[in-house]
Amino acid sequence: MSTLILAEHEAGELRPATLSVVAAAAAIGNDIAMLVAGSNCAGVGEKAAALPGVSKVLVADDAAYEHELAENLSALVVSVAGDYTHILFAATAAGKNVMPRVAALLDVSGISDITEVKSADTFIRPIYAGNAMATVKSDDAKKIITVRTTAFDAVSDTGGSAAVESVASAGANDGVEFVGAELSSSDRPELTSAGIVVSGGRGMQNGENFAMLDEIALKLNAAVGASRAAVDAGFVPNEYQVGQTGKVVAPDLYIAVGISGAIQHLAGMKDSKVIVAINKDEEAPIFQVADYGLVADLFDAVPELSKALDA
Amino acid sequence: MSYQAPVRDISFVLNHVVGLADIAKLDGYEDATPEMVEAILDASAQFTGEVLAPLNWVGDQQGSQWSEAGVTTPDGWQEAYQQFIENGWGSLAFSVEYGGQGLPMCVAASVQEMWHSANMSFGLCPLLSQGAVDAIEHHASDELKAMFLPKMVEGVWSGTMNLTEPQAGSDLAAVRTSAEPEGDHFRIKGQKIFITYGDHDLTENIIHLVLARLPDAPEGVKGISLFIVPKFLINEDGSLGERNDVRCVSLEHKMGIHASPTCVMAYGDDAGALGYLVGKPHHGLIYMFTMMNQARHAVGVEGYGIAERAYQQALSFAKDRKQGKTLLGKSDDDHGIVNHPDVRRILMTMRCNIEAMRGLALECAAAFDIAGKHPDENVRVFNQRRGELLTPLVKGWSTEIGLELCSLGVQVHGGMGFIEETGAAQHLRDARIAPIYEGTTAIQANDLIGRKTARDNGQGMQELLTDMRATLTELQQSNNPDMQAVAKRFESAVGAADQSLQWMLGQNDPTLPSASSVEYLMMLGRLSGGWMSARTALVALKMKNEDGADHDYLDARVALARYYADRFLPLVDASNITITEGSESTVSLSVAQL
Amino acid sequence: MKILVGVKRVLDYNVKARVKADKSGIELANVKMAMNPFDEIAVEEALRIKEAGNAEEVIAVSIGPAKSEETIRTALAMGADRGILIQTDELLEPLAVAKLLKHIVEKEQPGLVVLGKQAIDDDCNQTGQMLSALTGMPQATFASKVELDGDSIKVTREVDSGLESIRVKSPAVITADLRLNEPRYAKLPNIMKAKKKPLEVIEVADTGVDVSSGLSVVEVNEPEQRQAGVIVGSVAELVDKLRNEAKVI
Ligand SMILES: Cc1cc2nc3c(=O)[nH]c(=O)nc-3n(C[C@H](O)[C@H](O)[C@H](O)COP(=O)(O)OP(=O)(O)OC[C@H]3O[C@@H](n4cnc5c(N)ncnc54)[C@H](O)[C@@H]3O)c2cc1C
């Protein structure tokens with residue numbers, strides 16, 4: 001039995017999500033191989049080889065893989081799938097985009113978003129926005145899985161020494177073409193891997209007011225997130241969204257400011273270790289999951305909090 | 001303060017109690033199948049819950065505003081109205097000929113309940129338009145129909161009803177507004193007060209239906225004619241022309257329904273407002289009466305619609321608010337006030353009365369649907385009489401009880417109920433108008449004892465009591481102990497109502513019946529509500545034998561009928577005593593002694 | 001061109017899911033069901049494309065129990081032209097659904113398939129990608145903007161670090177994300193017309209598609225409940241607790 005992981009990387013570095021997938025693979029208990037696909041990605045291959053537990057690294061270096069196009073990546077994964085019993089992806093936008101294709105091409109079911117490994121063929125995954133946890137068992141020869149990265153502690157990025165080999169490109173699909181990206185460039189930690197997240201909701205009233213949260217985030221080295229309501233209202237861009245259909249986060253500290261706490265939002269943050277809620281409506285459901293609740297007008301409380309953090 | 005339409009409760013009554021499937025078999029109502037109606041109710045629930053309900057509070061706080069240029073509605077109302085008409089909600093019950101959907105009145109009433117629950121002030125605009133459309137459709141010339149109906153049915157023009165004048169409220173015989181003939185039209189002059197949506201910014205034109213007198217008119221009720229007076233005149237090609245000589249000179253400051261503009265209207269400050277005669281001269285009040293049933297029914301629906309909203313709010317508060325150790329709570333930490341037996345009493349009272357009122361209103365609407373379309377003349381006549389008999393009950397009883405329930409809704413909230421921000425008080429303030437406009441409860445009661453009881457010498461009433469006795473037999477034959485208990489109360493109540501009816505018919509002097517008329521109306525309302533709730537329970541018991549039956553829901557219908565019978569049917573017996581023995585004392589003091 | 005949209009009947013998103021006492025799944029008897037919200041967005045997008053003159057017909061497909069007909073009627077009331085129900089009482093995995101959709105694609109030859117990015121019941125987020133892989137049509141998932149230019153379609157996608165855009169060739173599969181559009185309310189006249197629109201019902205068995213699955217649900221449990229914490233009286237107290245009690249800052 002052996003596991004293949006599709007690595008995610010960016011600017012020459014492995015994404016933190018991939019380190020969590022390695023942890024999930026370790027929980028399954030097989031030999032672990034990692035596939036690094038990209039353009040000029042030899043350096044990433046080296047870094048993958050240093051991950052503890054990884055025994056083999058496959059590098060596919062081709063322009064076809066520059067933009068994580070799902071058609072090209074899935075063809076590549078299938079071409080190297082061979083005898084692997086498990087193929088793992090991170091449950092990121094990129095991973096979710098590729099995994100189902102691989103499953104379909106191999107004619108097996110996909111298993112989305114696992115949060116726990118019960119055994120090599122049995123996993124737990126949330127359904128209904130995390131209002132229920134399903135235990136699922138796969139009898140397929142290959143288990144094709146995305147891993148909810150917040151549910152597995154990332155492995156360290158040193159200590160391993162895997163063999164690196166290169167594999168042939170599976171070519172490019174000409175039905176799809178990358179056009180461009182508007183990526184947010186932020187020097188703040190990435191939302192899904194940050195230790196602290198400060199999130200704003202509809203109560204923020206507008207986008208400018210998010211500057212108050214940025215200020216606190218800077219002091220706490222935190223990432224800034226938002227509820228769907230705030231994103232829909234155009235206060236902040238989509239990549240801020242935390243929730244059932246946005247990002248799932250589980251930081252050590254989650255500070256929810258002016259967020260009422262719809263179940264769809266709770267689905268994305270309720271596994272945070274400590275939750276703080278600041279809301280002036282004491283009936284807001286967010287208080288039911290908060291460890292510390294402050295019933296206050298956020299426009300008073302947030303500046304005060306910012307000041308208190310200086311002390 | 002959200003609102004979620006009780007689609008399930010409404011469908012239950014439509015499908016299982018008033019027989020929607022049979023109505024859908026009538027020529028012209030083929031579309032109103034249970035599945036179709038379900039889809040309509042779902043869509044209406046979504047629209048009212050997401051679009052209309054959120055504007056209710058703003059409406060109350062901002063109110064509509066008057067300025068020289070015209071009346072403006074609160075923030076967000078124009079957009080909501082636009083969506084309302086684009087989605088076709090305004091044209092629900094209008095005839096297909098003019099672009100309506102031609103749905104039965106029982107379906108239209110079900111949807112309209114949601115408007116009033118979600119936002120009563122908003123619901124009044126289409127409610128009044130409907131009255132105006134009905135008047136034009138039934139009584140105006142083809143030419144006038146072609147000129148006004150398509151736009152009104154679509155909702156791009158709204159309609160109003162201009163009856164009231166300072167000296168003419170309940171007594172419309174006192175109307176003084178005048179109409180002078182001028183070519184093919186008339187010039188209207190006078191003042192109307194309390195005109196709902198007399199001016200506003202939701203539509204590009206407003207079509208006023210105005211009661212006025214011609215120069216040669218006889219005194220009193222037989223001298224009143226009905227006119228159409230558009231805010232903007234209509235050009236030959238159908239486009240909007242000149243501004244007519246009618247304007248809103250001020251808005252009333254009111255206890256409730258703040259967003260619904262209640263206008264003082266001035267007709268003919270200059271040359272006189274140009275108006276078109278509807279039908280024949282001097283027939284205005286007769287025309288009004290033919291459409292009165294519809295409008296009064298609609299206000300009755302408003303009565304329980306607003307109570308439903310108050311109930312939803314009270315229930316949600318009662319589940320959240322913790323106070324003291326409760327007797328019905330399951331665990332030590334469950335202190336929600338909903339677990340105090342007295343709070344249960346209030347919520348039960350609200351719930352069982354709302355369901356009873358809804359049942360009666362839909363029964364009444366279904367009677368009119370059958371009366372309009374059934375192939376058998378006898379069935380039509382019977383149902384017309386039934387619908388007309390039930391109408392004053394739907395209007396009078398449901399608005400009075402709806403008001404009481406809104407007050408109970410405040411009570412559940414304790415002190416918070418008295419605080420405006422909670423929103424419970426708004427429902428109570430809004431509900432207060434329903435027993436007043438479209439004929440006060442006393443006027444409904446006069447209609448009930450006069451036209452609906454004395455005039456046919458009790459025939460309609462006897463038919464109703466006969467139907468109730470058939471239900472009684474069913475209750476008695478049920479081996480369910482709750483139904484047995486309901487049967488006992490219902491038997492006594494039906495007997496009491498029959499006694500009061502005989503008493504009414506036996507009086508020669510109208511003074512004593514008038515003194516007890518509202519008591520009689522409330523008595524028959526309560527009894528009919530009990531009848532509907534018993535029928536609902538009987539159906540629910542039968543349905544329990546079906547595969548996959550939702551016992552929880554069905555048992556609740558039985559429990560509600562039982563509570564209604566225990567708590568409200570005895571009041572029917574009490575009313576009988578008041579009517580047959582207390583009418584004299586009602587008027588026994590002289591004015592000086594009062 | 002034709003557009004095929006998938007519409008799934010799911011527990012209404014306002015209703016809190018409750019696990020059945022026997023742990024076999026979620027209680028679905030007598031609770032309000034509705035169209036998967038992402039599918040509403042998909043239907044809306046298909047309709048907008050049609051209204052812009054870029055498509056002739058919108059076909060709504062649902063795969064599920066007989067009651068899914070209501071969901072299709074909702075799509076028809078929004079403006080879709082006809083419906084296809086592939087009826088089954090079994091809970092199907094995304095792979096089976098994708099295979100059934102492929103069956104319809106082969107029959108109807110749509111220029112575009114628009115699906116929701118995920119269903120809010122199983123939260124799988126797989127079907128669109130699988131359909132793309134099985135049919136060879138390119139995929140544009142998590143779409144927040146769709147621009148047609150002949151048979152080339154530019155799709156803006158919501159990805160973890162922002163937005164990216166790709167160009168795919170028709171026929172293609174698009175999956176809708178939240179901000180693609182705001183679905184319309186069904187208009188009353190259209191609700192009534194929807195009843196008269198054609199709706200074809202096919203049994204799964206008649207499609208010849210193998211819908212067996214290697215994946216089975218062993219049991220379904222309630223998630224661990226978080227205990228509500230304390231209400232603090234001031235910002236100072238909050239900071240103190242975070243520093244000295246929780247030790248997270
Ligand atoms: C918010 C609002 C909106 C309205 N909208 C409209 C509208 O759009 N168009 C319109 O034309 N009018 C409208 N009205 C007027 C409304 O219909 C009248 O106010 C109502 O019919 C009562 O008339 P009144 O106010 O003159 O009261 P009155 O007739 O003076 O009644 C006073 C009291 O005397 C009682 N009474 C009077 N006559 C009798 C009787 N014969 N037997 C027993 N009791 C009697 C009444 O029940 C009442 O208790 C509106 C009123 C309000 C407040």
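This write-up is about the structure you can find in this document.

## Topic: helix α3 (residues 70–80) of chain A
Residues and elements named next belong to chain A. The element α3 is extensively covered by neighbouring structure, given that 8 of its 11 residues are classed as buried. Burial in α3 covers these residues: Ala70, Glu71, Asn72, Leu73, Ser74, Leu76, Val77 and Val80. Immediately beyond the C-terminal end of α3, within one or two residues, lies Gly82, with a positive phi of roughly 35°.

## Some points on helix α17 (residues 517–543) of chain B
Across its 27 residues, α17(B) extends 39 Å between first and last C-alpha, which sits within 8% of the 39 Å expected from 1.5 Å per residue. Within α17(B), 24 of the 27 residues are buried, leaving the element largely enclosed by the surrounding structure.

## Notes on the interface of chain B and chain C
Across the boundary between the two partners, chain B contributes 24 residues, which contact 12 residues of chain C. Taking both sides of the interface into account, the surface hidden between chain B and chain C amounts to around 1,600 Å²; carbon and sulfur atoms contribute 57%. Where chain B meets chain C, there are 2 salt bridges. With a shortest N-O distance of 3.8 Å, C:Lys32 and B:Asp42 are connected by a salt bridge. Applying the counting rule to chain B against chain C returns 3 residue pairs in polar contact (both at pLDDT 80 or more). Looking at the side of chain B that touches chain C, the elements with two or more residues in it are α3 (34–52) and α5 (77–86) of chain B. In terms of residue count, α3(B) provides more of the side of chain B that touches chain C than any other element does, 9 residues in total. Here the residues of the side of chain B that touches chain C sort into 9 nonpolar, 8 polar and 7 charged.

## A short note on the sheet that holds strand β12 (residues 163–166) of chain A
All names here are of chain A. Strand order in the open sheet made by the 7 strands is β7-β11-β6-β1-β4-β5-β12, with parallel pairing throughout. The open sheet has two edge strands, β7 (110–114) and β12, and neither has a second partner. Neighbouring strand axes in the sheet, compared pairwise and without regard to direction, differ in orientation by 25° on average. When strand β4 (residues 31–38) meets strand β5 (residues 54–61), the two strands line up parallel, connected through 7 bridges. Within the sheet, the bridge partner assigned to Leu35 lies in β5 and is Leu58.

## Side note on the sheet that holds strand β15 (residues 223–226) of chain A
In a beta sheet, neighbouring strands are held together by backbone hydrogen bonds and run either parallel or antiparallel to one another. If you walk across this open sheet you meet the 6 strands as β15(A)-β14(A)-β16(A)-β17(A)-β18(A)-β13(C), and the pairing is parallel. Looking at the sheet topology across the chains shown, the edges are occupied by β15 of chain A together with β13 (230–232) of chain C. Sheet twist, expressed as the average angle between the axes of neighbouring strands with direction ignored, equals 20°. By the bridge criterion, 4 bridges tie strand β14 (residues 196–200) of chain A to β15(A) in an arrangement that is parallel. Across the sheet, residue A:Val197 finds its bridge partner in β15(A), namely A:Ala223. Relative to β14(A), helix α5 (residues 210–220) of chain A is tilted by about 175°, and along the sheet it contacts β14, β15 and β16 (253–257) of chain A.

## A closer look at the site of the ligand
Residues and elements named next belong to chain B. Around the ligand there are 20 residues in total, and Met161, Thr164, Ser170, Phe194 and Thr196 lie nearest to it. At 2.8 Å, a backbone N or O of Leu163 approaches an oxygen atom of the ligand. A distance of 3.1 Å separates a nitrogen atom of the ligand from a polar side-chain atom of Asn446. Isolated, the ligand exposes 970 Å² of accessible area, and the fraction of that covered by the protein chains is 63%. Residue assignment for the shell around the ligand shows that the elements contributing at least two residues are β3 (157–162), β5 (185–196) and α13 (441–454). Split into classes, the residues belonging to the shell around the ligand amount to 10 nonpolar, 8 polar and 2 charged.

## Here's the deal with the packing of aromatic side chains
Taken as a whole and judged by the stated rule, the model has 13 aromatic pairs over all chains. Between B:Phe47 and B:Phe84 the ring centres are 6.2 Å apart and the planes differ by 45°, which places this aromatic pair in the tilted class. Placement of B:Phe47 in helix α3 and of B:Phe84 in helix α5 is noted, with a sequence separation of 37 residues between them. For the pair formed by B:Phe47 and B:Phe84, the shared burial category is buried. With 5.7 Å between their ring centres and 85° between their planes, B:Phe47 and C:Tyr185 make a pair best called edge-to-face. Here C:Tyr185 lies in the loop between β10 (172–176) and α5 (188–194) and B:Phe47 lies in helix α3, a pairing that spans two chains.

Rules used in this analysis
Numbers given to residues run from 1 along each chain, matching the order in which its sequence is written. Each chain gets a letter, beginning with A, and each ligand a number, beginning with 1, in the order they are written. Given that the model is predicted, a residue must reach a pLDDT of at least 70 before its local features are reported, and side-chain atom pairs must reach 80 or more before they are shown or counted; all residues, however, enter totals for whole chains, interfaces and linings. The side-chain figures draw on all heavy atoms in the structure; neither hydrogens nor water molecules are used. Three exposure classes are used, based on accessible area relative to the maximum for each residue type with a 1.4 Å probe and protein chains only: buried under 20%, partly exposed in between, and exposed over 50%. For the purposes of this entry, the term helix denotes a DSSP run of H or I that reaches at least four residues, the term strand denotes a run of E that reaches at least two, and both are numbered from the N terminus. Working rule for helices: expected span equals 1.5 Å times residues minus one. A contact between two residues is defined here by any heavy atoms of the two lying within 4.5 Å. Put simply, buried area is how much 1.4 Å-probe accessible surface two parts lose in total, over both of them, once they are put together. We define a salt bridge as a contact between a side-chain nitrogen of Lys or Arg and a carboxyl oxygen of Asp or Glu at a distance within 4 Å. Under the rule applied, a polar contact is a pair of N or O atoms within 3.5 Å (in protein, one hydrogen donor and one hydrogen acceptor; residues adjacent in sequence only if both atoms are side-chain atoms). Gly is put with the polar residues, along with every residue not named as nonpolar or charged; the nonpolar set is Ala, Val, Leu, Ile, Met, Phe, Trp, Tyr, Cys and Pro, and the charged set is Asp, Glu, Lys and Arg. At least two DSSP bridges between two strands are needed for those strands to be called paired. Every axis corresponds to a line fitted to the C-alpha atoms, with the helix fit spanning only the stretch in contact, and the corresponding angles, defined between N-to-C directions, vary from 0 to 180 degrees. Note on terminology: near, applied to a residue and a molecule or strand, indicates that one of the residue's heavy atoms is within 4 Å of it. The accessible surface values rely on the Shrake-Rupley method and a 1.4 Å probe; as for residues, cover is taken only from the protein chains in view. Think of it this way: a Phe, Tyr or Trp ring, Trp meaning its six-membered ring, pairs with another when their centres are within 6.5 Å, and the plane angle makes it stacked under 30 degrees, edge-to-face over 60, tilted otherwise.

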